[in-house]
Amino acid sequence: MQHPAPLVKDRLHGGMETLTPSERRVASALLTDYPVAGLQSITKLALQAEVSTPTVIRMARKLGFDGFPDLQGALRGEVADQIKKPMSKHAGAQAGRPEGHTIARFSEAVFANLGHTLERLDTATFDAVAELLADPARSLYLAGGRITRSNADYLFNHLQIIRPDVTLLGQSANVWPQYLLDMDAQSVLIVFDIRRYEKDLHKLAQLAKSRGARLVLFTDQWSSPIAAEADYLFNAMVEAPSSWDSTIAIMLIVEALVAEVQSKGWEKSAERIEELESMFSATRLFRNF
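Residues numbered from 1 in each chain as written. Predicted model: local features only at pLDDT ≥ 70, side-chain atom pairs only at ≥ 80, totals over all residues. Heavy atoms only, no water.

Peer 1: Can you lay out the side chain of Asn113 for me, pointing to particular residues and giving the numbers?
Peer 2: For Asn113, the location among the structural elements is in helix α7 (residues 102–120). The contact partners of Asn113, leaving out residues within four places of it in the chain, are Met237, Val238, Glu239, Ser246 and Ala249. (Helix = DSSP H or I, 4+ residues; strand = E, 2+ residues; numbered from the N terminus. Contact = heavy atoms within 4.5 Å.)

Right, here's the structure in full:
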């Protein structure tokens, strides 16, 4: 499967060292209000960065674009991808539909997502988040959106077995202030938010940060607006030949985190698991073979 073109922000980050101080000001202006800053006129962007318009053009060319209009076209394409609705996603998937069984086509897309996600994964971020989630002194809170609620629920179920003081926020945003009341500098809020990003989750993240909580965000390759608030960010590829995005790459990171967190606190985790198994036996929830 064809490797996806790098996002403009990835080019900006990756090419920063090759830019002059003036060109870096343009790049910083673009990243500060991404992608909106890049969709305005070249004159306005130059004024915002306090540089000349030729400087903007040189920066765009150094990043591999033919010029500023080419950079803007790439940004418009990213915005269009972000706001794509299920019906238009389905139409696009059908238009370029290759030969073969559905399971083969879908698997090919998912394997590509996994590979590209791992290529971009920052292992230092992974290790830092695992350390944070394994710290028994921290209270953990989890929330997801309409589609990603199941991802938050999965991580909650496993963390709850491994350690105490883990809370899955209620589905209705109306009750979230009750959870925010207990958040402080020792709290960690873990949020899942992929495209068609949800305003309620963004407000939740902002309020949690205002109370001193650390924020971990799982999102797609384009990044939820919540990324501006996040202390730790995981970007996963989600494109699939379907009306809906695939969260399998997100689940890969989640399951790896669960394994690492359990490993870090194995003695305490083992005690909790043994006690839980005793309760299962007492209630005869599962069959004995």
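Peer 1: Explain the confidence of the model for the protein to me, using residue names and the numbers behind them.
Peer 2: A residue-level look at the protein finds 88% of positions with pLDDT of 70 or above and a mean pLDDT of 86. The lowest-confidence element of the protein is helix α6 (residues 86–95), averaging 51 in pLDDT; the highest-confidence one is strand β3 (residues 187–192), averaging 98. (pLDDT = per-residue confidence, 0-100.)

Peer 1: Could you give an account of the packing of helix α2 (residues 21–32) against helix α4 (residues 53–62), naming the residues involved and the relevant values?
Peer 2: Closest axis-to-axis distance for the α2/α4 pair is 9 Å, and the angle between their directions is 80°. Regarding the angle of α2 to α4, the classification is roughly perpendicular. Residues Ser22, Glu23, Val26, Ala27 and Leu30 of α2 form the contact with α4, whose participating residues are Thr55, Val56, Arg58, Met59 and Lys62. When the residues that make up the contact of α2 with α4 are grouped by side-chain class, the tally is five nonpolar, two polar and three charged. (Axes fitted to C-alpha atoms, helices over the stretch in contact; angles between N-to-C directions. Parallel < 35°, antiparallel > 145°, perpendicular 65-115°, else oblique. Nonpolar A, V, L, I, M, F, W, Y, C, P; charged D, E, K, R; others polar.)

Peer 1: So what's going on with the packing of aromatic side chains? Which residues, and what values?
Peer 2: How two aromatic rings sit relative to each other is set out by the distance from centre to centre and by the angle between their planes. The final tally for this structure, using the stated rule, is two aromatic pairs. Here Phe192 and Phe218 contribute two aromatic rings whose centre-to-centre distance is 4.6 Å and whose plane-to-plane angle is 10°, an arrangement assigned as stacked. One end of the pair, Phe192, is in strand β3; the other, Phe218, is in strand β4 (residues 214–220), and 26 residues separate them in sequence. The same class applies to Phe192 and to Phe218, which are both buried. Pairing Phe218 with Phe234 gives two aromatic rings, centres 4.9 Å apart and planes at 25°, and the pair type is stacked. In this pair, Phe218 is assigned in strand β4 and Phe234 in strand β5 (residues 232–236), connecting sequence segments 16 residues apart. Taken individually, Phe218 and Phe234 each receive the classification buried, so the pair is uniform in this respect. Among the aromatic side chains, those forming a connected cluster through ring pairs are Phe192, Phe218 and Phe234. (Phe/Tyr/Trp six-rings, centres within 6.5 Å; stacked < 30°, edge-to-face > 60°. Buried < 20%, exposed > 50% of the residue type's maximum accessible area, 1.4 Å probe, protein only.)

Peer 1: Go over the sheet that holds β4 with me, naming the residues and quoting the values.
Peer 2: Across the sheet, five strands lie side by side as β2-β1-β3-β4-β5; this open sheet has parallel pairing. Edge strands, defined here as strands with exactly one partner in the open sheet, are β2 (166–168) and β5. Recorded for the sheet is a direction-independent mean angle of 15° between the axes of neighbouring strands. Pairing analysis gives five bridges linking β4 to β5, with the strands arranged parallel. Of the residues in β5, the one forming a bridge with Val216 is Tyr232. Helix α8 (residues 123–134) rests against β1 (139–144), β3, β4 and β5 of the sheet, and its axis sits at about 120° to β5. (Pairing = 2+ DSSP bridges.)

Peer 1: Would you mind going over the nonpolar core in detail, with residue names and values included?
Peer 2: Core analysis: the largest hydrophobic core is formed by 35 residues, its most contacted members being Leu142, Leu159, Ile190, Val216 and Phe218. If you list the elements that add at least two residues to this core, you get α8, β1, α9 (149–162), β2, β3, β4, β5 and α12 (248–264). The element best represented in this core is α12, accounting for eight residues. In contact with Phe218, other than residues within four places in its own chain, are Ile190, Val191, Phe192, Asp193, Phe234, Ile250, Ile253, Val254 and Leu257. (Core = buried A, V, L, I, M, F, W, Y, C linked by side-chain atoms within 4.5 Å.)

Peer 1: Got a sec to walk through the packing of helix α3 (residues 42–49) against α4? Specific residues and values, please.
Peer 2: The relative placement of two packed helices is expressed as an angle between their axes plus a distance between the axes. Running from N to C, α3 and α4 point in directions that differ by 100°, and their axes come no closer than 8 Å. One element, α3, and the other, α4, form an angle in the roughly perpendicular class. Across from Ile42, Thr43, Leu45 and Ala46 in α3, the residues of α4 making contact are Thr53, Val56 and Ile57. Within the contact of α3 with α4, the residues separate by chemical class into five nonpolar, two polar and no charged.

Peer 1: Could you give me a rundown of α12, with the residues and numbers involved?
Peer 2: Spanning 17 residues, α12 covers 24 Å between terminal C-alpha atoms, matching the ideal 24 Å at 1.5 Å per step. All buried positions along α12 are accounted for by Ala249, Ile250, Met251, Ile253, Val254, Leu257, Val258 and Val261. Looking at the packing, one finds that the buried side of α12 touches α7, α8, α9, β3, β4 and β5. (Expected span 1.5 Å × (residues − 1).)

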